[in-house]
Amino acid sequence: MLPSEDLFRLIKKLNQTEKRYFKIYASRHIIGKENDYVRLFKAIDRQKKYDEQKIKEQFANELFIKRLPAVKSYLYNLILKSLQEYHANSSVDSQLKGMLHNVEILYEKGLVKECRKMLSKAKKLADKHEKFLPLLEIFRWEMGLMSKESYSNISEKNLEKFIEDELHILERHKNIIEYNLLNSKIYLLYIEDPITRTQDKLQKYQSFINDSLFADENKALSYKAKVYFYHAFGIYALYQKNTEEHYSYTKKLVNLMESHPNQINEYPHNYIAILNNLLISQHDLNKYDELLFTLKKLRSIPEKFPSAKTEDTRIGILQRYYNFLLLLYIRTGKYEEAIKQIPEINTWLEGYRKKIEKKHEMALYFSITIVYFSINDYSNSLKWLNK
């Protein structure tokens, strides 16, 4: 049966909107009084730490408590189903999955014309976002429809063009896999030990970087393949402690992403991570005007990209924004500007302390400590140091 902590952790990860949606979704299964699953959901949600004994005591007179393991397992899956429905159109992948499911339904009903319309719509969406696996699934359905209609009104030339297009999609998908493998090998080598520099390790890096795929960025046949291309060279530059080179490849990566806003909206956290890397390079190279410009980009992400409006994403953005802003003011000696930011930062910390990553929280405390110390305000400096 499902471990108790799994259900508790899942419930605690839901935001308030998702919780409300689940209660509505679960209530569809019963008419009248609140159902057992919603009551159990609420009871677990109220707990700070999961305590199954308290749950058993609270529902001691209820029949469902005798089969609690099965009820918890069902509740877990019910929550996942409600999340699937709630987020049905939240990503291109989920939209395509729904459209292809509709294609299957239409096909089973013998509605071939409607089936083709749905496939055409899905194909345009998948092609726009370079979703190659769904594209291959669409090709499979299209071929199935041709076969069903005994290839009527299909010329040999059209059939060859169809197969040629499918093979091209396969080639581009294979290209992504190859670049992903090389990029992952380089990244794995770096995180295993980013400090030690030996001839043997350098040769390993060079064996990857000298691969024919890295000889020319035009060999990267898609957006995602190009992301891996630039990222791999950026990691190699980090290993070599070549900050200028790392800055150059990171900036190219940012420019690539910004030329594909639909990809940023689909994967905002990737864009945030790369902007973070660019901020590090700009800070290390004393490119303070550029750093301030990048910070403005970072903070404006939720306004530009709807998928980045979630609370977790906003927290991830602001914890980076505030830290780099204070570092900028400290490095440039603009302590009065930093002081002006502290009330806003403190209000934000008080409101989201439980959700802010500890390393970012500690970094903010340390930076504020330095700011006050630098203007000889030792009382406030000590207060923030002791936090």
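In this report, the structure presented in the accompanying data block is examined. (Residues numbered from 1 in each chain as written. Predicted model: local features only at pLDDT ≥ 70, side-chain atom pairs only at ≥ 80, totals over all residues. Heavy atoms only, no water.)

1. Brief notes about the packing of aromatic side chains
And step 1. Across all of its chains, the model carries 22 aromatic pairs by this definition.
And step 2. Geometrically, the ring pair formed by Phe214 and Phe233 is edge-to-face, given 5.3 Å between the ring centres and 75° between the ring planes. With a gap of 19 residues between them, Phe214 in the loop between α10 (199–209) and α11 (223–239) and Phe233 in helix α11 connect regions that are remote in the sequence. In this structure, Phe214 and Phe233 share a single accessibility class: buried.
And step 3. Judged by centre distance (5.8 Å) and plane angle (55°), the ring pair of Tyr365 and Trp384 falls under tilted. Within this pair, whereas Tyr365 is found in helix α18 (residues 358–374), its partner Trp384 is found in helix α19 (residues 378–385), the two being separated by 19 residues in sequence. (Phe/Tyr/Trp six-rings, centres within 6.5 Å; stacked < 30°, edge-to-face > 60°. Helix = DSSP H or I, 4+ residues; strand = E, 2+ residues; numbered from the N terminus. Buried < 20%, exposed > 50% of the residue type's maximum accessible area, 1.4 Å probe, protein only.)

2. Structural notes on unusual backbone geometry
And step 1. Backbone geometry places Asn153, a non-glycine residue, at a positive phi of 65°.
And step 2. Here Asn153 shows up in the loop between α8 (132–148) and α9 (156–192).
And step 3. Overall, Asn153 belongs to the exposed group, its relative accessible area being 80%.
And step 4. Not every positive phi belongs to a glycine, and Lys241 is a case in point at roughly 60°.
And step 5. As for its placement among the helices and strands, Lys241 is situated in the loop between α11 and α12 (243–258).
And step 6. With a relative accessible area of 63%, Lys241 lands in the exposed category.

3. A closer look at the nonpolar core
And step 1. Residues Leu298 and Ile301 are the most contacted members of the largest nonpolar core, which totals 88 residues.
And step 2. If sequence neighbours within four positions are ignored, Ile301 has contacts with Tyr271, Ile272, Leu275, Ala308 and Ile317.
And step 3. Counting residues in hydrophobic clusters, the runner-up holds 24 residues, among them Tyr25, Leu40, Ala43 and Leu78. (Core = buried A, V, L, I, M, F, W, Y, C linked by side-chain atoms within 4.5 Å. Contact = heavy atoms within 4.5 Å.)

4. A few points about the layout of surface pockets
And step 1. Taken as a whole, the largest pocket encloses approximately 1200 Å³ of empty space.
And step 2. Taken together, 39 residues make up the lining of the largest pocket; nearest its centre are Asn15, Thr310, Glu311, Asp312 and Thr313.
And step 3. Residue assignment for the lining of the largest pocket shows that the elements contributing at least two residues are α1 (4–13), α2 (16–27), α5 (68–86), α6 (92–108), α13 (261–266), α14 (268–284), α16 (311–331) and α17 (335–352).
And step 4. Ranked by residues supplied to the lining of the largest pocket, first place goes to α16 with eight residues.
And step 5. The residue inventory of the lining of the largest pocket, partitioned by class, reads 10 nonpolar, 17 polar and 12 charged.
And step 6. Quantified by volume, the second largest pocket comes out at close to 740 Å³.
And step 7. Taken together, 33 residues line the second largest pocket, and the ones lying closest to its centre are His231, Ile235, Leu253, Ile274 and Asn277. (1 Å grid on protein atoms, 1.4 Å probe; cavity = no way out; pocket = protein on both sides within 12 Å on 5 of 7 lines; lining within 4 Å. Points joined across faces, edges and corners; volume = space filled by probe spheres on them. Nonpolar A, V, L, I, M, F, W, Y, C, P; charged D, E, K, R; others polar.)

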